[in-house]
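# Structural characterization, general
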Amino acid sequence: MAYDAQFRVWRGDADDGELRDFTLEVNEGEVVLDIIHRLQATQAPDLAVRWNCKAGKCGSCSAEVNGRPLLMCMARMSTFAQNETITVTPLRTFPVVRDLVTNVGFNYEKAREIPSFAPPAGLAPGEYRMQQQDVERSQEFRKCIECYLCQNTCHVVRDHEDNKKAFAGPRYLMRVAELDMHPLDAADRKNAAQEEFGLGFCNITKCCTEVCPEHIKITDNALIPMKERVVDRKYDPLAWLGRTITRRK
Amino acid sequence: MPDYEEHGYDVVIVGAGGAGLRAAIAAREGGMRVAVICKSLFGKAHTVMAEGGIAASMGNVNANDNWQVHFRDTMRGGKFLNNPRMAELHAKESPQRVWELETYGALFDRTPDGKISQRNFGGHEYPRLAHVGDRTGLELIRTLQQKVVSLQQDDGKAAGTRYSEGKLKVFAEVTIIELLLDGGRIAGAFGYCRDTGNFVLFRAPAVVLATGGIGKSFKVTSNSWEYTGDGHALALRAGSTLLNMEFVQFHPTGMVWPPSVKGILVTESVRGDGGVLRNSEGKRFMFDYVPAVFRGQYADTADEADRWYTDPDHNKRPPELLPRDEVARAINTEVKEGRGSPHGGVFLDIASRRSPEEILKRLPSMHHQFKELADVDITKEPMEVGPTCHYVMGGVEVDPDTAAAARVPGLFAAGEVAGGMHGSNRLGGNSLSDLLVFGKRAGDGAAEYVRGLAAKYPKVDLASVQSAMRTALEPFERDGREGAGENPYTVHADLQQMMNDLVGIIRREHEVAEALKHLAELRDRAAKVTATGGRTFNPGWHLALDLRNMLLVSECVARAALIRQESRGGHTREDFPKMSAEWRQKNLVCALSDEVRDGEIDVQEQPVPQIRADLLALFERDELSKYLTDAELPAAGATAAGEES
């Protein structure tokens, strides 16, 4: 069942780099990350790649395979033709550290800027009461494994480096929505979403939703409802458009 | 350029999983300046892999639950080798630690009356695990990560900024390679930053080890690349001791196919929610494997077992929910005797037991994992599963109340890297609660220790910094040298295969002895591994450094496994198949006999701390007599057992 596959893997650092060709054995049931590990073990011991759980739970091994942003641990080799050349490159939106590893510090910075959960006054630990149907909305967003594929794909920052300062990206706008929909959160987050974290930049093309390995409906369930909540205070034509053309599942 | 960058902190936490982050929060709240060292990116620690839940006797689903019942279950699960004080603290404090998470923003699944929902799990008498579907570990890590951010924002408010890292900072992708001492006390930690390859010195009077486990020394494992026993090895080299390293938990249900995912965890919740194990003949075989000590608590027939899910007060539990060591051995036997599944496991069937809707609601990650990685729809077909190396019960010998490590003032340990809490076998769900309870205690303990120093901090010996740096760079210097040129990946793969084959789930004296010979050879080969390329994010170099820790820890596992002549929990000796009440009284304690030479492990017997009379009184005398020697048993008629006491 084993066969040899052609791989082109980006090698280099922040200053310089190139795609290099490798021929690598592939066995039944393997994923792209297995082949990258084989490349490390047999031909390129210093090949830089991030990975942890190898089960789609930690969100470390994000890369672009034939131009598609995905988790390498969940990309099965059987989805490619045996004679297809498989090109593996680092996430494009973030600066390269080395080979397939990028500096994802942008995301951690945005994470630190979002005001944290504001506990309700007068409730001691153990006294929180919430209904399952009320927590489920935020729970969907808390499935996020922070692989940053959505951050990498969103054209607001992918194609416009300048926007990074004013735009938190889908992952962190979803975090604002998650807190806003938390049944017991005591803070008001609507103005900040629009004015500090750039919700208005989002024009709901749903690219983030398409690449989410956790299948979170980022646009429909987080960003559009958040736009709707903001619109009470501030008119946003896209939110209006969103409400008229989409229906939440 | 200087040889290394330098930082000064009050407390340095090595590890950013559940235990490390909870310790960091506690130390910061105790007024300390805290650094958290994270081997991977922040938020990717192995805690994220925990699926089932956090065990805490909140009594939300069954009001009969309380800390005494949880304590009893934990001791039974650990076959009474647990440090009883740790098991007591853990059972008492875990509800508070879980409720606290809600104030940090955690969103657990709910009961109909709006409380935190709790689920059944192996070895737990009542539904006890707080959970979020089957991704509880992710919720825990994210909640603690966000609490760290929240503390940074509080610090920022004082400075008029959005956040400040001045008092609490996370150093991501930094690996600690040596602890630094001053007259036997902790003075700091030395490591390197992956993204630059540069070295970094942390001056600090207290270090909390929260580095997790050792599973990457075994071939079939649910553990990630980080689990190379770093904290265990750091503690040993600093002069502390490791307890009961022979006890390694093989989780009964890991994926067995396809080969590339062999070992990946299949949560115990599948069984807690009704899944059953069957062999190739379709037989629900676990009824044949209920050991004498557990016979009173587990059902004899499938009818009774099935009634338990809806009427647990009047029926005994299904044997699929025996503690993990029992289930793993049973699966091992079924496969060995020729009744395994096509790919060498057994069948785990939830499809015929629960509706597709229910499976998708309660086990979404499992559905996703099998669908994407094995092309199996678990709502329609059974899974194939087999044992996988999952957890080490052994670890740094600590003081139960403060988490202070033995023999080294200023060193603390919490979570999987610490020993004692789980005895010879950990119950599912007790890991996440362990992280929270003892993470907090370690952070508090470290803060108290530092306050006691009254600003007189130990001094870092710069000669030891130079020597740590030289050792770390050796793999580069060996490149091209004669006799060198071992590939670190090959040495690692050989170690994993060897440990799996010779010190795995079932152990035999001659095989373990052989393993020790192999370990000596592997140590020689590891001394010849080379690293090529630059220092920036170089995994080959990194593995060369990790190998040293893996070899040291594997040596501890093998030496202790050779000495303990009984079978108990995560240590099964084919030549000594029974539990021995005499051996129950003994801990095996590993120390490094000669600091300079890795692998010179000295193993000593040490008495297990006695169980206090009031804790012993929680058990029936009959049950105690299955574990303890006659001399240890309370006088006949003296115990008034039951959860009422």
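Note: the structure precedes this text.
Read on for an overview of the structure. Computed from a predicted structure; not experimentally measured.

### Examining the overall build of chain A
The number of helices and strands found in chain A is 10 helices and 7 strands. Looking at the 249 residues of chain A, the share that counts as buried comes to 49%. Here the contacts in chain A between residues at least 6 apart in sequence split such that 63% fall between residues at least 24 apart.

### Brief notes about the overall build of chain B
When you go through chain B residue by residue, the secondary structure sums to 18 helices and 20 strands. For chain B, the C-alpha radius of gyration of 24 Å lies close to 26 Å, the compact-globule estimate for 645 residues. Viewed in the frame of its principal axes, chain B has a C-alpha envelope of about 75 × 60 × 55 Å. Looking at chain B residue by residue over its 645 residues, the buried ones come to 61%. Considering only contacts within chain B whose residues lie at least 6 apart along the sequence, 73% involve residues at least 24 apart.

### Brief notes about the packing of helix α2 (residues 67–77) of chain B against helix α3 (residues 84–104) of chain B
Residue and element names in this part refer to chain B. As a packed pair, α2 and α3 sit with axes 8 Å apart at the nearest point and diverge in direction by 140 degrees. When the axis of α2 is compared with that of α3, the two are oblique. Between α2 and α3 lies a crossing whose hand is right-handed. In this structure, α2 contributes Trp 67, His 70, Phe 71, Thr 74 and Met 75 to the contact, and α3 contributes Ala 87, Glu 88, His 90, Ala 91 and Lys 92. Residue classes in the contact of α2 with α3 are distributed as 5 nonpolar, 3 polar and 2 charged.

### Considering the environment of Gly415(B)
Residues and elements named next belong to chain B. Along the chain, Gly 415 turns up in the loop between β18 (411–413) and α11 (430–452). Residue classification places Gly 415 among the buried residues on the basis of 34 C-beta atoms within 10 Å. A sequence separation of 18 residues divides Gly 415 from Glu 397, and the C-alpha atoms of the two residues are 12 Å apart. Residue contacts for Gly 415: discarding those within four places in its chain leaves Gly 17, Gly 18, Ala 19, Ala 210, Gly 212, Asp 434, Leu 435, Phe 438 and Gly 439.

### Focus: the pairing of strand β8 (residues 174–182) of chain B
Residues and elements named next belong to chain B. Within β8, 8 of the 9 residues are buried, which leaves the element mostly enclosed by the surrounding structure. Examined bridge by bridge, β8 and strand β9 (residues 185–193) share 8 bridges and lie antiparallel to one another. Opposite Glu 178, over in β9, you have Phe 190 as the bridge partner. Linking β8 to β9, which pair antiparallel, is a turn of 2 residues; within it Gly 183 sits at a positive phi near 55 degrees.

### Concerning the environment of Pro225(A)
Looking at where Pro225(A) falls in the secondary structure, it is placed in helix α9 (residues 218–231). Residue classification places Pro225(A) among the partly exposed residues on the basis of 19 C-beta atoms within 10 Å.

### Concerning the sheet that holds strand β15 (residues 346–349) of chain B
Hydrogen bonding along the main chain pairs the strands of a sheet, whether they run parallel or antiparallel. Residues and elements named next belong to chain B. What the 4 strands build is an open sheet, ordered β13-β16-β15-β14; its pairing is antiparallel. Both edges of this open sheet fall to β13 (248–255) and β14 (276–278), since each of them pairs with a single strand only. Strand after strand, the sheet turns through a mean of 45 degrees between neighbouring axes, direction not considered. Of the strand pairs in this sheet, β13 and strand β16 (residues 383–392) are connected by 6 bridges, and their pairing is antiparallel. Looking at β16, one finds that Met 255 is bridged to Val 385.

### A closer look at the sheet that holds strand β10 (residues 199–203) of chain B
All names here are of chain B. Ordered in space as β1-β10-β9-β8, the 4 strands form an open sheet in which the pairing is mixed. Of all the strands in the sheet, the pair left with one neighbour each is β1 (4–8) and β8. If you compare each strand with its neighbour and ignore which way they point, the axes differ by 25 degrees on average. Bridging between β9 and β10 involves 5 bridges; their strand directions are antiparallel. Residue pairing in the sheet places Gly 188 in a bridge with Arg 203 of β10. Running over the sheet, helix α12 (residues 462–477) touches β8, β9 and β10 and is turned about 145 degrees from β8.

### So, the interface of chain A and chain B
Contacts between the two partners involve 50 residues from chain A, matched on the other side by 51 residues from chain B. Taken together, the residues that form the side of chain A that touches chain B break down as 23 nonpolar, 13 polar and 14 charged.

### Thoughts on the nonpolar core
Judged by nonpolar contacts, the single largest core of 269 residues is most densely connected at Leu173(A), Val11(B), Ile13(B), Val208(B), Phe412(B) and Ala413(B). Tallying contributions element by element places helix α15 (residues 539–563) of chain B first for this core, with 14 residues. Each residue touching Val11(B), except ones within four places of it in the same chain, is listed here: Ala27(B), Met32(B), Val34(B), Ala204(B), Ala206(B), Val208(B), Ala446(B), Ala447(B) and Val450(B).

Cut-offs used in this document
- Residues numbered from 1 in each chain as written.
- Chains lettered and ligands numbered in written order.
- Predicted model: local features only at pLDDT ≥ 70, side-chain atom pairs only at ≥ 80, totals over all residues.
- Helix = DSSP H or I, 4+ residues; strand = E, 2+ residues; numbered from the N terminus.
- Buried ≥ 20, exposed ≤ 12 C-beta atoms within 10 Å, placed from the backbone.
- Contact = placed C-beta atoms within 7 Å.
- Rg over C-alpha atoms; globule rule 2.2 N^0.38 Å.
- Axes fitted to C-alpha atoms, helices over the stretch in contact; angles between N-to-C directions.
- Parallel < 35°, antiparallel > 145°, perpendicular 65-115°, else oblique.
- Left-handed = near helix turned anticlockwise from the far one by under 90°.
- Nonpolar A, V, L, I, M, F, W, Y, C, P; charged D, E, K, R; others polar.
- Pairing = 2+ DSSP bridges.
- Core = buried A, V, L, I, M, F, W, Y, C linked by C-beta atoms within 7 Å.

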